[in-house]
Amino acid sequence: MINTMIHGGLVMACLACALFFLRFWKQSHDRLFAFFALAFGVMAFNWMLLALLQVDDERRHYLYIIRLVSFLIILYAIWDKNRAGRGSSS
């Protein structure tokens, strides 16, 4: 029961972060914020699945691939931001 409550809180926190970054993206139109909003949305989806499916064992490792996708989106966003910065300065 407590795990479900904690996962629900994590879903809420990730969605709040996604909305936070989405607001900055609407103001600045910077793709970094859009990618971060997407990554936190994917992370919220991951926590929601973990709460609904009651994963207590390690045999359902495929659910953690969703979290890996979220981190890869963040890494791509950082790489994309740095790549775009180099092209404009030279």
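A brief report on the enclosed structure follows. (Residues numbered from 1 in each chain as written. Predicted model: local features only at pLDDT ≥ 70, side-chain atom pairs only at ≥ 80, totals over all residues. Heavy atoms only, no water.)

1. Observations concerning the overall build of the chain
Across its full length, the chain holds 3 helices and 0 strands. Reading the chain from its N terminus to its C terminus gives the helix and strand order α-α-α. Put simply, the chain has 90 residues, and 28% of those count as buried. Put simply, 59% of the contacts in the chain that link residues at least 6 apart link residues at least 24 apart. Carbon and sulfur atoms make up 71% of the accessible area of the chain, which totals about 6500 Å². (Helix = DSSP H or I, 4+ residues; strand = E, 2+ residues; numbered from the N terminus. Buried < 20%, exposed > 50% of the residue type's maximum accessible area, 1.4 Å probe, protein only. Contact = heavy atoms within 4.5 Å. Areas by Shrake-Rupley, 256 points an atom, 1.4 Å probe, with all protein chains shown as cover.)

2. A closer look at the nonpolar core
By size, the foremost hydrophobic cluster in this structure holds 17 residues, and its most contacted members are Cys14, Phe36 and Trp47. Contributions of two or more residues to this core are made by helix H1 (2-28), helix H2 (31-53) and helix H3 (64-89). For this core, the element with the highest residue contribution is H2, accounting for 9 residues. Excluding its chain neighbours within four sequence positions, the residues that come into contact with Phe36 are Phe21, Ile74, Ala77 and Ile78. (Core = buried A, V, L, I, M, F, W, Y, C linked by side-chain atoms within 4.5 Å.)

3. Describing the pattern of salt bridges
Pairs can form between side chains of opposite charge whenever their charged atoms are close. The full count for this structure, using the stated rule, is 3 salt bridges. With a closest N to O distance of 2.7 Å, Arg31 and Asp80 form a salt bridge. Placement of the pair is Arg31 in helix H2 and Asp80 in helix H3, with a sequence separation of 49 residues. The partly exposed category is assigned to Arg31, whose relative accessible area is 43%. Across the pair Arg83 and Asp80 runs a salt bridge, and its minimum N-O distance is 2.6 Å. Of this pair, Arg83 and Asp80 both sit in helix H3, 3 residues apart, which is roughly one turn of that helix. By relative accessible area, which is 44% here, Arg83 ends up partly exposed. Taken together, the shared-partner salt bridges connect Arg31, Asp80 and Arg83 into one network. (Salt bridge = Lys/Arg side-chain N within 4 Å of Asp/Glu carboxyl O.)

4. With respect to the packing of aromatic side chains
On inspection of all chains with the given rule, the structure shows 8 aromatic pairs. Here Phe21 and Phe33 contribute two aromatic rings whose centre-to-centre distance is 6.3 Å and whose plane-to-plane angle is 20°, an arrangement assigned as stacked. Of this pair, Phe21 sits in helix H1 while Phe33 sits in helix H2; the two residues are 12 residues apart in sequence, bridging distant segments of the chain. You can call Phe21 buried: its relative accessible area is 17%. Both rings, one in Phe21 and one in Phe40, keep their centres 5.7 Å apart while their planes meet at 20°; by these two values the pair is stacked. Of the two residues, Phe21 is situated in helix H1 and Phe40 in helix H2; the sequence distance between them amounts to 19 residues. If you follow Arg23 out to its NZ or CZ, it ends over the ring of Phe24, 5.2 Å from the centre. Just above the ring of Trp47 sits the side chain of Arg67; from NZ or CZ to the centre is 4.5 Å. (Phe/Tyr/Trp six-rings, centres within 6.5 Å; stacked < 30°, edge-to-face > 60°. Lys NZ or Arg CZ within 6 Å of the ring centre and 35° of its normal.)

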